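Notes for the structure review
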Amino acid sequence: MTEADLDLVDAEGLLASGVFGSNPPHVITLHKWVSEGRIPSYKLGRLRRFDPREVAEWIRRTCRVASCHE
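The structure displayed is predicted, hence computed values, not measured ones. (Residues numbered from 1 in each chain as written. Predicted model: local features only at pLDDT ≥ 70, side-chain atom pairs only at ≥ 80, totals over all residues. Heavy atoms only, no water.)

1. Things to note about a nonpolar patch on the surface
Taken together, the side chains of Tyr42, Leu44 and Leu47 present a nonpolar region at the surface, about 260 Å² in accessible area. Along the chain, Leu47 falls in strand β2 (residues 47-49). The partly exposed category is assigned to Leu47, whose relative accessible area is 43%. (Patch = residues over 30% accessible without salt bridge, like charges linked within 9 Å, V, L, I, M, F, W, Y side chains within 5 Å. Areas by Shrake-Rupley, 256 points an atom, 1.4 Å probe, with all protein chains shown as cover. Salt bridge = Lys/Arg side-chain N within 4 Å of Asp/Glu carboxyl O. Helix = DSSP H or I, 4+ residues; strand = E, 2+ residues; numbered from the N terminus. Buried < 20%, exposed > 50% of the residue type's maximum accessible area, 1.4 Å probe, protein only.)

Listed below in structure tokens is the structure:
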């Protein structure tokens, strides 16, 4: 196991990590995003793993929040 492997989590760990804030998506939605190639993830054998730092960066790059002044 490498040092990078220690930072990877499964879907439930990613949702619990807080990268999605107070309203995380459902685990099914997360798996749908993976199958569509929308969210960064790694396939290790039969296991799908996520780097919470990469996902947090993906959120910052791709997700927009509407201004309250619109």
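2. Quick word on the nonpolar core
Soluble, globular proteins show a tendency: their nonpolar side chains are buried together. Judged by nonpolar contacts, Ala11, Leu14, Leu15, Phe20, Leu30, Trp33, Val34, Ile39, Phe50, Val55, Trp58 and Ile59 together constitute the single largest core of 12 residues. Those elements giving two or more residues to this core turn out to be α1 (11-16), α2 (27-35) and α3 (52-62). Beyond its immediate stretch of four places on either side in the chain, Trp33 contacts Phe20, Pro25, Arg38, Ile39 and Trp58. (Core = buried A, V, L, I, M, F, W, Y, C linked by side-chain atoms within 4.5 Å. Contact = heavy atoms within 4.5 Å.)

3. Considering the packing of aromatic side chains
Within the structure shown, the criterion is met by two aromatic pairs. Consider the rings of Phe20 and Trp33, whose centres lie 6.3 Å apart with planes at 45°: the pair is tilted. Taken together, the positions of Phe20 in the loop between α1 and α2 and Trp33 in helix α2 put the pair 13 residues apart, joining distant regions of the chain. Taken individually, Phe20 and Trp33 each receive the classification buried, so the pair is uniform in this respect. Taken together, Phe20, Trp33 and Trp58 form an aromatic cluster joined through their ring pairs. (Phe/Tyr/Trp six-rings, centres within 6.5 Å; stacked < 30°, edge-to-face > 60°.)

4. What about the environment of Phe50?
Position of Phe50 among the secondary structure elements: in the loop between β2 and α3. With a relative accessible area of 0%, Phe50 lands in the buried category. For the pair Phe50 and Leu14, spaced 36 residues apart in sequence, the C-alpha separation works out to 6.7 Å.

5. Overview of the side chain of Asp51
Turning to its location among the elements, Asp51 is positioned in the loop between β2 and α3. Among the polar contacts listed, one links the side chain of Asp51 to the backbone nitrogen of Arg53, at a separation of 3.0 Å. When sequence neighbours within four positions are dropped, the list of residues in contact with Asp51 reads Asp7, Leu8 and Tyr42. (Polar contact = N/O pair within 3.5 Å; in protein donor to acceptor, adjacent residues only side chain to side chain.)

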